[in-house]
Amino acid sequence: MNYTLLNPQFDSAARNSMLLTLILLWAAACSPAERIAPAPAYEPSEPNITGWSPDAPYPEENSPADISSITDNDIEEIIASMSLREKAAQLFVIPVQGIYHHEEDQRYREWVRLIKEWQVGGLIFMGGDIYGQAVLANRLQSESSIPLWMTQDMEFGAAMRVRGTTRFTPAMGIAATGNPELARWKGIITAREAKSLGIHQIFAPVLDVNNNPANPVINVRSYSADPDTVALYANAFIEGVESVGIMATGKHFPGHGDTNIDSHLALPVIHHDYSRIDTLELSPFRSAIDAGLRSIMSAHIAFPAFGTDPGLPGTLDPGILGDILADSLGFKGLVVTDGLEMSGITSRYSPGEAAVLAIRAGSDILLISPDEMTAILEVVRAVESGELSEERLDLSVRKLLTLKRDHGLFENRGFTDPDSLHHRINTPPWQAVADRIARESVTLLKDEKSILPITEQKAPRILFIAVSDDATGDPGAGMLTELRKYHPNVVRHLLDPRTGTEEKLAIAEAAQEADLILIGSFIYVRSHQPIQMAPEKINFLNTLIAGETPSMLVSFGNPYLLMDLPGTDASMIAWSAASEQVSNTIPALFGAATIRGRLPIDIPGYFNIGDGLSIPRTRYRIDRPEAAGMITHRLMELDEIMHRAVDDSITPGGVVAVLRKGVLVWNRGYGYHDYEKINPVRETDVYDLASMTKIMATTTAVMKLVEEHSLHPGDRVSRYIPEFDTEEKREITIEHLLLHTSGLPAFRVYVDRLKTREEILHAIRNEPLEHEPGERYLYSDLGFILLAEIVEEVSGEPIDRFIRNHFFRPMGMESARFNPTAAGDWMTRRIPPTEIDTVYGRGRVSAEVHDERAWFMEGVAGHAGLFASARDVAAWAQMLLNGGLYQGTRYLLPETIDLFTGRRSPLNQRGYGFDRKSEGFSTAGRFTGMDTFGHLGFTGTSVWIDPDEEIAIILLTNRTWPDRNRSDGIRELRAAISDQVMQSIEQP
């Protein structure tokens, strides 16, 4: 190509015009496919946390051309054609706000002027939103004759600057997980979102070693106080970022971890000699450079022991960026200054002086100058005066133009398609990864009174004190919401600058009534603010925790704050105060998430690197489907299935819940309590479980007694019920009753003439058999009525009291009970009616058992009578899936569960008490495994548990309303729900 058209004697406007024309000619020389590559079709079925590898294919957008048409010679001719001012301007990256701006907005016009007239080289996007940034990036990119280099700070993901993107736990929390692969995943997701937003370079990761607990600016932004740990996790993150084609940036060279001054406010000075810096601070940088790191950001810190000038910031010091970074470490990549608007620079140097010194020291990109135009002109004067060589300027311009070439920006500016962003940003699988990192980062350092997991039995009343140094907002509000998902009785008080004497007295009174004092600290690391708790707050809290009431501190975003309150009985670190971190920390308090984080730093005098306690997950967690390897948009088909069932009058309404791998991924109410459609179903509503009582109450109670050797499946029933000590019934065993092979009839009406519990029980005990014991299967309510009586005979407690005392109450299953009216209006209002009874004169049957035999037996029977919400059914199912463990307490042994839920009948698929999936049509659906077990309820309820998939599918309806005898499609509904749930599992 001939570049003689770019005559350097042309005026600036003409030269800019010709340069733009030439770039357009280059673009025209490319094929249309190379010039404008349309975004590929996208299928919204991204891999989830369970089956996804970070290397999985992704429909990339704005990918650079495979082979750029711009050669090194072309770049040299471009440089030769540029004026000094244009060269200087290429090194400046100006800050812009990624939000909507009218074309006449003053700030927007200033940006356009710097881009068009001054030809700055790039942009750094500060705060903004997804669409605002994408549109602005396109508009400003189109204004430039040379493509702009787009950058952004993304230490904890794109969410560091862009609202609505995926937010990640800060670096120190990543290291606390003990899993470097999570750092790589974070890097990949961050880079993919950056690319979708038009960004080419992100300013992350932090390579600083945070070995100074008083550091007010780095803190949790660092991976660790150990340089090897920093290197391990930073390199994994960099690998992830670079694999997507985005440039990562290690910062802040040569190390910002051992400071106690914020360089935003003043110039920190580190007095260590070079040998110390070389073995500690430089170690992660050396490792990253050896691994191929392409860009490094400098630090505004003075190192008088080995710098060129005792008071010179590293950013401006050729001894730091030249002798050490370029020569000793052999780094030849892109050097970026930290923000030149920071006080560590502006308090001592003018904008122009800082720019000239930074370039001379070895910087290639000048970030956020407080006065770009003045600084550009000063750089030009420095070259003209010989203070700065033009060759030095050309070196940095060459690096930047080469990067733009290598990213394909001369052929394809990388314009973002805003219409594609809705499926490229913060996808459910990506959020599931972020959630997993947040959960696994939670670090428990002590638990001297075995406070965790918190249960209603151990702590019926919790006082939650939200501590903050912020006099605005509502700190801890999100934490309170999360706490109440797992505990019904939590009282919150605020302790912040607004808290007066009267409020402190109220807190003290609440502490005296509480069973647990839970302190949530929201004093986290922010520039310009102290990182420790104010002394008056410390004194007040120490007074509260001095008593016998157990206390716990959870510090959000500031690990060193644990030094302020060493007297709490338990101490936990969460690594951010963001809502995402809070919501993924609270489940750990209640046993709903595994705790296994390890401390990546020392907390002087208290804890060391590597400290941390482990507690297994023993109850379900409420979370998004992707957290359990399921796909949200497929589960949403359940909405259509249930709405159609309601519309077809199969049931007035109902609740569907799905539990998988310890996560309650779905729990929704549909329709109404009845066909008047006044009272909508909520997911917390309580249903008459009917025959689900057989497994949740009676069988579970029998399992417990068998474990205790108080009962055995081979025991003769006559041992407990004398009326069975006859020739006809003597061989009937507990096993026969559990398998429905005793010979007892399915049921007798009885209640047409027998109206009391005693009369009904007497009739059942003396009921003639319909066949020989063990001869054939006949589903019988009567056998389970007798089993409940045997439970009472053996334990001394009626079935309702036994199951509630030994299981439901300690498991927190508050709505699981017989005779729910005894609980009060708070519960009865939540119970849909089951029938209009015209036979026994009960009228509208609501909040009392539907089954007439159980009703005449005072609401308590072994075959029916239990009420519960879907969440409580899920808790019981999770206990079984956990092998009998729930919230840290063992309720059953795994071998007992296997014994009862396995196939035990020679006549069919049934277990002891439990139904199991049968051959052919099954309400458990087509896709559950053959080891699936559960039970149905006549009122329209069911639970199916597939142990192979660790899944429980729960359906609660009142399909008997208003008449039990009407034909319906409940069987097909159960199967359809099960099939849709199973098809929502992400396949490898």
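Residues numbered from 1 in each chain as written. Predicted model: local features only at pLDDT ≥ 70, side-chain atom pairs only at ≥ 80, totals over all residues. Heavy atoms only, no water.

Some details on the overall build of the chain
Basically, it comes down to this: Numbering of helices and strands starts at the N terminus; helices are DSSP runs of H or I of at least 4 residues and strands are runs of E of at least 2. Between buried and exposed lies partly exposed: a residue is buried under 20% and exposed over 50% of the maximum accessible area for its type, with that area taken using a 1.4 Å probe on protein chains only. Two residues form a contact once any of their heavy atoms are found within 4.5 Å. Note that accessible areas follow from Shrake-Rupley with a 1.4 Å probe, and for residues the cover is restricted to the protein chains shown. Only four residue types enter the charge count: Lys and Arg as positive, Asp and Glu as negative, with His and the chain ends excluded. The location of each charge is read from NZ of Lys, CZ of Arg, CG of Asp or CD of Glu.
The helix and strand tally for the chain stands at 33 helices and 29 strands. When each of the 988 residues of the chain is scored for burial, the buried share is 61%. In the chain, the share of contacts with a sequence separation of at least 24, taken over all contacts with a separation of at least 6, comes to 73%. Accessible surface, the chain as shown: approximately 35,500 Å² in total, 50% of it carbon and sulfur. Where the 92 positive side-chain charges of the chain centre and where its 134 negative ones centre are 3 Å apart.

Observations concerning empty space enclosed by the protein
Note the threshold: Here a cavity denotes a set of grid points, spaced 1 Å apart and computed over the protein atoms alone, in which a 1.4 Å probe fits but from which it cannot get out, and a pocket denotes an open set meeting protein on both sides within 12 Å along at least five of seven lines; residues with an atom within 4 Å of a point are reported as lining. Grid points are joined across faces, edges and corners, and a volume is the space filled by probe spheres set on the points. We call Asp, Glu, Lys and Arg charged. Ala, Val, Leu, Ile, Met, Phe, Trp, Tyr, Cys and Pro are nonpolar, and the rest, Gly among them, are polar.
Using the criterion set out here, one finds four cavities of 30 Å³ or more in the structure. Together, R167, F168, T169, P170, Q431, A434, D435, A438, S576, A578, E580 and Q581 line the second largest cavity. Put simply, the parts of the chain that give the lining of the second largest cavity at least two residues each are α17 (428–441) and α21 (579–589). A per-element tally of the lining of the second largest cavity places α17 first, with four residues. A breakdown of the residues in the lining of the second largest cavity according to their chemical character gives five nonpolar, four polar and three charged.

Observations regarding the pattern of salt bridges
Spelled out, the test is: Salt bridges are defined as contacts in which a side-chain nitrogen from Lys or Arg sits within 4 Å of a carboxyl oxygen from Asp or Glu.
Summed over the entire model, instances satisfying the criterion amount to 56 salt bridges. When the shortest N-O distance is used, the salt bridge between R360 and E387 registers 3.9 Å. On the criterion of sequence distance, the pair formed by R360 in helix α14 (residues 351–361) and E387 in the loop between α15 (372–384) and α16 (390–406) is long-range, its members being 27 residues apart. Here E482 makes a salt bridge to K485, at a shortest N to O gap of 3.3 Å. Placement of the pair is E482 and K485 together in helix α18 (residues 477–486), with a separation of three residues, close to one helical turn. E482 gets classed as buried once you look at its relative accessible area, which sits at 13%. Note on K485: relative accessible area 29%, which makes it partly exposed. Here the salt bridges share partners, and the residues they tie into one network are K694, D781, E835, D851, E852, R853 and R964.

Things to note about the sheet that holds strand β26 (residues 915–916)
This is how the line gets drawn: Here, strands pair whenever DSSP counts at least two bridges between them.
Taken in spatial order, the seven strands line up as β16-β18-β17-β29-β28-β27-β26 in an open sheet, and their pairing is mixed. A single partner strand is all that each edge strand has here, and the edge strands are β16 (621–622) and β26. Pairing between strand β17 (residues 653–660) and strand β29 (residues 951–957): seven bridges, direction antiparallel. Its bridge partner being in β29, V656 is matched across the sheet by L955.

A closer look at the packing of helix α24 (residues 693–707) against helix α32 (residues 894–901)
Going by this rule: Structural elements are reduced to axes, namely lines fitted to C-alpha atoms, with helices fitted over the stretch in contact, and the angle between N-to-C directions of any two is expressed from 0 to 180 degrees. Reported orientations rely on four angle classes, namely roughly parallel under 35 degrees, roughly antiparallel over 145, roughly perpendicular from 65 to 115, and oblique for the rest. Each helix crossing is assigned a hand: it is left-handed if the near helix lies turned anticlockwise from the far helix by less than a right angle, otherwise right-handed if that turn is clockwise.
Their axes nearest at 10 Å, the elements α24 and α32 cross at an angle of 130°. Compared by their axis directions, α24 and α32 come out oblique. In the packing of α24 onto α32, the handedness of the crossing is right-handed. On α32, the residues touching T699, V702, M703, V706 and E707 of α24 are T896, I897 and F900. In the contact of α24 with α32, the residues fall into five nonpolar, two polar and one charged.

Thoughts on helix α9 (residues 227–243)
Side chains three or four residues apart in an α-helix point the same way, a direct result of the helix having 3.6 residues per turn. Rules: What a helix should span is 1.5 Å times the count of its residues minus one.
An ideal rise of 1.5 Å per residue puts 24 Å on 17 residues; α9 measures up with 24 Å between its terminal C-alpha atoms. Buried residues belonging to α9 abut α7 (171–176), α8 (180–196), β5 (201–203) and α11 (282–290). Of the residues one or two after α9, G245 is the one with positive phi, at around 90°.

Observations concerning the nonpolar core
Side chains of a nonpolar character, in soluble globular proteins, are inclined to be buried together. To be explicit about the condition: In plain words, nonpolar cores are sets of buried Ala, Val, Leu, Ile, Met, Phe, Trp, Tyr and Cys residues tied together by side-chain atoms within 4.5 Å.
Core analysis: the largest hydrophobic core is formed by 111 residues, its most contacted members being L140 and F253. Residues in contact with L140, not counting those within four places in the same chain, are V96, Y108, W111, V112, I115, L123 and L148.

Focus on the sheet that holds strand β7 (residues 295–298)
The strand order across the open sheet built from three strands is β6-β7-β8, with neighbouring strands paired in parallel fashion. Looking at the sheet topology across the chains shown, the edges are occupied by β6 (250–253) and β8 (334–336). Within this sheet the neighbouring strands show an average axis-to-axis angle of 30°, counted without direction. Here three bridges tie β6 to β7, and the two strands are oriented parallel to one another. By the bridge assignment, G250 is partnered in β7 with I296. Set on the sheet, α11 makes contact with β6 and β7; between it and β6 the angle comes to about 140°.

Quick notes on unusual backbone geometry
Of note, the amide linkage connecting A204 to P205 takes the cis form, showing an omega dihedral of 10°. On the secondary structure map, P205 appears in the loop between β5 and α9. A cis amide bond links W961 to the next residue, P962, at an omega of -5°. Its place among the elements puts P962 in the loop between β29 and α33 (970–982).

A look at the side chain of T455
Among the secondary structure elements, T455 is positioned in the loop between β10 (443–447) and β11 (462–467). Taking the relative accessible area as the measure of exposure, T455 reaches 7% and is therefore buried. Setting aside residues up to four positions removed in sequence, T455 forms contacts with H487 and Q887.

Notes on the packing of aromatic side chains
As a reminder, the rule being used: Each pair of aromatic rings taken from Phe, Tyr and Trp, with Trp reduced to its six-membered ring, is defined by centres within 6.5 Å and is described as stacked if the planes are under 30 degrees apart, edge-to-face if over 60, and tilted in the remaining cases.
Inspection of every chain in the model, using the stated rule, returns twelve aromatic pairs. With a centroid separation of 4.9 Å and an interplanar angle of 70°, the aromatic rings of W855 and F856 are classed as edge-to-face. On the basis of relative accessible area, W855 is assigned to the partly exposed category, the value being 29%. Taking the relative accessible area as the measure of exposure, F856 reaches 13% and is therefore buried. Taken together, the ring pairs in this structure connect Y274, F303 and F306 into an aromatic cluster.

Description of the side chain of T828
The topology assignment puts T828 in helix α29 (residues 825–828). On the accessibility criterion, T828 (18% relative accessible area) is buried. Each residue touching T828, except ones within four places of it in the same chain, is listed here: P820, T821 and A847.

Looking at α11
Listed in full, the buried residues belonging to α11 are L282, S283, P284, F285, A288 and I289. Looking at the buried residues of α11, the elements they touch are α9, β6, α10 (274–279), β7 and α12 (318–328). Where α11 terminates, the next one or two residues include G292, which has phi positive at roughly 105°.

Re the pairing of strand β28 (residues 941–946)
Burial analysis of β28 places six of its six residues in the buried class, which makes it a mostly covered element. Here strand β27 (residues 933–937) pairs with β28 via five bridges, running antiparallel. Bridge pairing in β28 links G937 to T941. In textbook terms, the turn of a hairpin is the stretch between consecutive antiparallel strands, and for β27 and β28 this stretch comprises three residues, one of which, G940, has a positive phi near 110°. Relative to β29, β28 runs antiparallel, the two sharing five bridges. Looking at β29, one finds that W944 is bridged to I953. Hairpin connection between β28 and β29: a loop of four residues separates the two successive antiparallel strands, and E950 in this loop has a positive phi of roughly 50°.

Description of the confidence of the model for the chain
The cut-off we apply is this: A residue's pLDDT is simply how confident the predictor is in it, with values from 0 to 100.
Overall, the prediction assigns the chain a mean pLDDT of 91, with 91% of residues at 70 or greater. Ignoring residues within four places in sequence, the model shows residues 1–67, a span with pLDDT below 50, making 117 contacts including any to other chains.

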